[in-house]
Amino acid sequence: MGEPVEDVHQLDPLVFWEHARSFEFWFEAVQGYLEGSSFGRHPEVPESVREADERDRLVTVLCNYCVGETIALEGAGSLIRVAPSRPAKVFLSTQTVDEGRHLEVLVHRLLELGVSDPEAEIARRASPSLQEFRRLHGELVRGDDWDAALFAQNVILEEMEFAVFHRHAQLADPRTREVLLGIVKDERRHIGFGENELGRRLKRAPDLQRRLREVRAELDPLILRTFREAIAEIGGPAAEREDLSKSYLQAVTRLGVE
Ligand SMILES: [Fe+2]
Ligand SMILES: [Fe+2]
């Protein structure tokens, strides 16, 4: 795995456009960090979550991550049909595989933590604001609104997921940490694709900015609320909750949708 895979933001946009959307790039990337792993981590890592309270808070957070990953999985798969170019369809097929893997490793972690019925537990613990985001994002996807749905999913949802997973990994038990760090590596590629695709489309259609600002105003408070709750559950200090949106705000500024 080379450095460019680690930080797609440092890739020249043209290089990204030509290479990073392919299965060739994807294989090289995931091989670097998933080879030898099982359910997203090395099998020998011991369980260290024993306290009932710590376990309960972790289960709540992981259930909400599962909702986020389900949104991305359903969105990436459904958007293949409306993606405006073949390379974009190919990229979305790699993203669909990634999101399916993310959901699988998070559900597996819930099972390890003693959750006997993950479906019921996810439904019970899902934050209302994340469920509302899922409903609105679903409307954009079903409306074949490529730009708005991609912005909601690969910029709003994934930029904030990226920040929260990254911070959570620093605070988490070793098993959860390794699972999250693997997910974060994939999310970087997804965010890179979203920014690259939307950046080029915004240059060609400046009116799109107004539309994406509307989407942003409606959807980003829902994700911000969800992930601030998550940071509180994993024990991050209150001040940090404000920092969470920093990389997201930088992304919308780069796109001119601030
Ligand atoms: Fe994901
Ligand atoms: Fe993703």
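What counts, and where the lines are drawn
Residues numbered from 1 in each chain as written. Chains lettered and ligands numbered in written order. Predicted model: local features only at pLDDT ≥ 70, side-chain atom pairs only at ≥ 80, totals over all residues. Heavy atoms only, no water. Donors = N, O, S within 2.8 Å, 3.2 Å for Na, K, Ca; no water. Tetrahedral: all angles 85-135°; square planar, octahedral: opposite > 155°, others 65-115°. Helix = DSSP H or I, 4+ residues; strand = E, 2+ residues; numbered from the N terminus. Buried < 20%, exposed > 50% of the residue type's maximum accessible area, 1.4 Å probe, protein only. Phe/Tyr/Trp six-rings, centres within 6.5 Å; stacked < 30°, edge-to-face > 60°. Axes fitted to C-alpha atoms, helices over the stretch in contact; angles between N-to-C directions. Parallel < 35°, antiparallel > 145°, perpendicular 65-115°, else oblique. Contact = heavy atoms within 4.5 Å. Nonpolar A, V, L, I, M, F, W, Y, C, P; charged D, E, K, R; others polar.

A. Main features of the coordination of the iron ion (ligand 1). On the protein side, the iron ion (ligand 1) has E69 (OE), E99 (OE), H102 (ND1) and E187 (OE) as donor atoms, found 2.0 to 2.3 Å from it. Geometry at the iron ion (ligand 1) is irregular, judged from the four donor atoms that bind it and their angles of 87 to 142° at the metal. Between the iron ion (ligand 1) and the iron ion (ligand 2), both coordinated by E99, there is a metal-metal distance of 3.2 Å. Pair noted here: H102 is in helix 5 (residues 86-112) and E187 is in helix 9 (residues 174-204), with a separation of 85 residues, a long-range link. Residues H102 and E187 agree in their burial class; the two are buried.

B. Quick look at the coordination of the iron ion (ligand 2). Binding of the iron ion (ligand 2) to the protein goes through E99 (OE), E158 (OE), E187 (OE) and H190 (ND1), at separations of 1.7 to 2.2 Å. Coordination geometry of the iron ion (ligand 2): the four donor atoms subtend angles of 92 to 152° at the metal centre, consistent with an arrangement described as irregular. All donors to the iron ion (ligand 2) come from one chain, and their sequence spacing reads E-x58-E-x28-E-x2-H. By relative accessible area, which is 0% here, E99 ends up buried. Classification of E158 by relative accessible area gives buried; the value is 0%.

C. Local environment of the packing of aromatic side chains. According to the stated counting rule, one finds three aromatic pairs in the structure shown. Seen in terms of ring centroids, F23 and W26 are 5.5 Å apart; in terms of plane orientation they differ by 75°. Their pairing is edge-to-face. Taken together, the positions of F23 and W26, both in helix 3 (residues 23-34) and three residues apart, correspond to about one turn of that helix. The exposure class assigned to W26 is buried, which follows from its relative accessible area of 12%. Measuring from centroid to centroid gives 4.3 Å for F91 and F193, while their planes differ by 15°, and the two rings are stacked.

D. Quick peek at the packing of helix 9 against helix 10 (residues 208-233). Their axes nearest at 9 Å, the elements helix 9 and helix 10 cross at an angle of 135°. With respect to each other, helix 9 and helix 10 are oriented oblique. Between helix 9 and helix 10, the contacting residues are L198, R201 and L202 on the first element and L208, Q209 and L212 on the second. Counted by class, the contact of helix 9 with helix 10 contains four nonpolar, one polar and one charged residues.

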